[in-house]
Amino acid sequence: MNTRAIVAIARKDLKVALQNKGVVLPIIILPLILFVIFPWIMAYAPSWADASGTSFSNMDQILERMPSGLLNELSGYTPDQQMTVFALVYMLAPMFLIMPLMVSSVLAADSFAGEKERKTLEALLYTPTTDRELFTAKLLGAWAAAVAVALFSFLVYAVMVNAAGWHSIGHIFFPNWMWVALVFWVTPAVAGLGLVVMVFVSVRAQGFQDAYQTGGLVVLPVLLLMVGQISGVMYFSLGVVVFVGLVIWLIDAVLLWFASKSFRRGELMTKF
Amino acid sequence: MSAPAIQISSISRRFGETNAVDNLTLEVQSGEIFGFLGHNGAGKTTTVRLLNGVLEPTSGSARVFGLDPQAEGPALRARTGVLTETPSLDERLTARDNLSFYADLYNVPRADVPGRVNSLLTEFELVDRADEKVGGYSKGMKQRLALARALLHKPVVLFLDEPTAALDPVAARHVHALVENLARREGCTVFLCTHNLVEAQKLCDRVAVMEHGRLVALGTPSDLTRQYVKRLDVDLEVDPVQMDLALQTLQELPQLVISTPKREKELLTMTLSGRESIPELLSILVQKGLRVYRLAPQEANLEEVYFALNGGVG
């Protein structure tokens, strides 16, 4: 493998993508809302509710529906603390996965469908890179960036959660082992899922926007996980997270195998 | 004689029901400037793609410097440079970044990249705007940058798809000089796809004319004009006092002179039935006592060949 070419393509793709507002804005806005603003709202919501005399019974009801495993994990906290920990540690866990999914999708859409739209693929196909190198480079840039943004978001979130929850909890309570598994096991897999789905979508898409909108459907499983947790069907325990990660890695492997089979110069030249 | 730079054997490529390239066979010699002519959709770009291993043939085979485009694509593409029909540049990057990126892909030694990039930017008169984004460039500047990119790694075979299409006459002349220099001094083989028949006539050692994916003519420009353009325009200069006699004589030779001779100042212009008519015409004029100062054939050009092949005009 020609690593120089792979790194050059990955770096160029990122450089080009980051000059597209359609790529950069969601990468900035989503983490800002989810991982900076949201923790403070969730941490202070119970005290605002108390101050205004509003009942916080909705959250109470959600907690009551939770599986016993989660209630056991929260048993060492006061009722107010339980709500804070539940909201910041568990409720946001599936939402965190939207981050690598969205970043990898948006970058892959720019890299594949965007290249098609800008008519820049042909010159690339005339270079000595092999099909495998080209495929690896195209995936690597978006995947590495998605994982890096997710890791950074995680660090920011860790600081924000502990800072916002300090008045209620009084000590560092984040991350737990579930989050470690979520970030280092599930996040790379989810970033890979966003990528390979976008590779398939880009073949038929007319351009970046088209691909991004169609590929956006890939967040549906994550939303289902969120609904599943809020409704009390399941919760993000360490075991669930490890299992979800395994399933996504397996899906990645299968999709990647199909995508690599169809990623041949001749196909690209006629379809792109 | 050395092996041909490009060998194409009965190669075909179909897209659905359409034969983009149909049973094409030809050879291009090393160091030759080879013109590949044809309408849009004649199969020129598809042939370039097949020769670079970017498309797979439906049948047939090709070799470029002995390398099989399908089996040895990466090694082959390391030795070829391609100017695509559209510049295919990243418009969000600067010219320098575009060239540096492709220098990495073509494995130009790292230490040589800045110098090589600068020298090409200078050669193509882009150095003053090298650090501007390509999106702000004119069509001609983009074309020059794309050409510079094709030369980055000093290819031994250069495929040029309409290299002067977006260029002004001065820039086009510069490209012509560059192509001639590459072929004549550096031994680079040039495969030139063009609609510009004057360009092909001027530059090419041999040309192939394609129509609907099929090769319809192949040879040097002069061979093709002789083969396909039978009639011949000539200028005749005689003693000015004998102009009337000359006109009368020419009008009496319809088997040789197929157009009505026209008097233009001191010259008579006419169309002959072919170059074979020249000796006989000259002989008759001398027998009539005409003092012939000059009988100059106007060489037919590739444009006439092209139209003769594509519409019966010629």
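Counting of residues starts from 1 at the beginning of each chain's written sequence and follows it residue by residue. Written order decides the labels, with chains lettered from A and ligands numbered from 1. Local features in this predicted model are restricted to residues whose pLDDT is 70 or higher, and side-chain atom pairs enter the listing and the counts only when it is 80 or higher, whereas totals over whole chains, interfaces and linings include all residues. Side-chain measures were taken over the full set of non-hydrogen atoms in the model, leaving aside hydrogen atoms and water.

Asker: How should I be thinking about the sheet that holds strand β12 (residues 267–272) of chain B in this particular structure?
Answerer: Residues and elements named next belong to chain B. At least two DSSP bridges between two strands are required for those strands to pair. What counts as a helix is a DSSP run of H or I of at least four residues, what counts as a strand is a run of E of at least two, and both are numbered from the N terminus. Spatially, the 4 strands line up as an open sheet ordered β11-β12-β10-β13, and their pairing is antiparallel. Because the sheet does not close on itself, it has two edges, and the strands there are β11 (262–264) and β13 (292–298). Pairs of neighbouring strands in the sheet enclose a mean axial angle of 25°, with direction left out of account. As judged from the 5 bridges shared by strand β10 (residues 232–238) and β12, these two strands associate in the antiparallel manner. Its bridge partner lying in β12, Leu236 is registered against Leu268. In this description, contact between two residues means that some pair of their heavy atoms is separated by no more than 4.5 Å. Helix axes are fitted to C-alpha atoms over the stretch in contact, other axes to C-alpha atoms as well, and angles between N-to-C directions run from 0 to 180 degrees. Strands in contact with helix α9 (residues 243–251) are β10, β11 and β12; relative to β12, the strand with the most contacts, it is inclined by about 10°. Against the sheet, helix α10 (residues 277–287) engages β10, β12 and β13, with an angle of about 160° to β13.

Asker: Just to check I follow, could you spell out the packing of aromatic side chains for this structure?
Answerer: When we look at a pair of aromatic rings, we describe it by the centre distance and by the angle of the planes. Paired rings are identified among Phe, Tyr and Trp, the last through its six-membered ring, by centres lying within 6.5 Å, and are further divided according to the angle between planes into stacked (under 30 degrees), edge-to-face (over 60) and tilted (the rest). Enumeration over the complete set of coordinates arrives at 19 aromatic pairs over all chains. Ring plane angle 55° and centroid distance 5.5 Å describe the contact between Phe35 of chain A and Phe96 of chain A, whose orientation is recorded as tilted. Taken together, the residues span a long stretch of sequence, with Phe35 of chain A in helix α2 (residues 21–52) and Phe96 of chain A in helix α5 (residues 79–111) at a distance of 61 residues. Geometrically, the ring pair formed by Phe34 of chain B and Phe191 of chain B is stacked, given 5.7 Å between the ring centres and 25° between the ring planes. Here Phe191 of chain B lies in strand β7 (residues 189–194) and Phe34 of chain B lies in strand β3 (residues 33–38), a separation of 157 residues in the sequence. For the pair Phe34 of chain B and Phe191 of chain B, a shared accessibility class is recorded, and that class is buried. Three or more aromatic residues link up through ring pairs in this structure, and these residues are Phe35, Phe96, Phe154, Tyr157, Phe174 and Trp179 of chain A. Whether a charge sits over a ring depends on NZ of Lys or CZ of Arg being within 6 Å of the ring centre and within 35 degrees of the ring normal. The ring of Phe112 of chain A has Lys138 of chain A sitting right over it, with the charged end atom 6.0 Å from the ring centre. Relative accessible area decides the class of each residue, using a 1.4 Å probe on protein chains only: under 20% of the type maximum gives buried, over 50% gives exposed, and in between gives partly exposed.

Asker: How do you make sense of the environment of Val209 of chain B when you look at a structure like this?
Answerer: Residues and elements named next belong to chain B. Within the fold, Val209 resides in strand β8 (residues 206–211). Residues Val209 and Phe36 lie 173 residues apart in sequence; the distance between their C-alpha atoms is 6.2 Å. The residues contacting Val209, other than those within four sequence positions of it, are Leu37, Arg214, Leu215, Val216, Ala217, Tyr306, Leu309 and Asn310.

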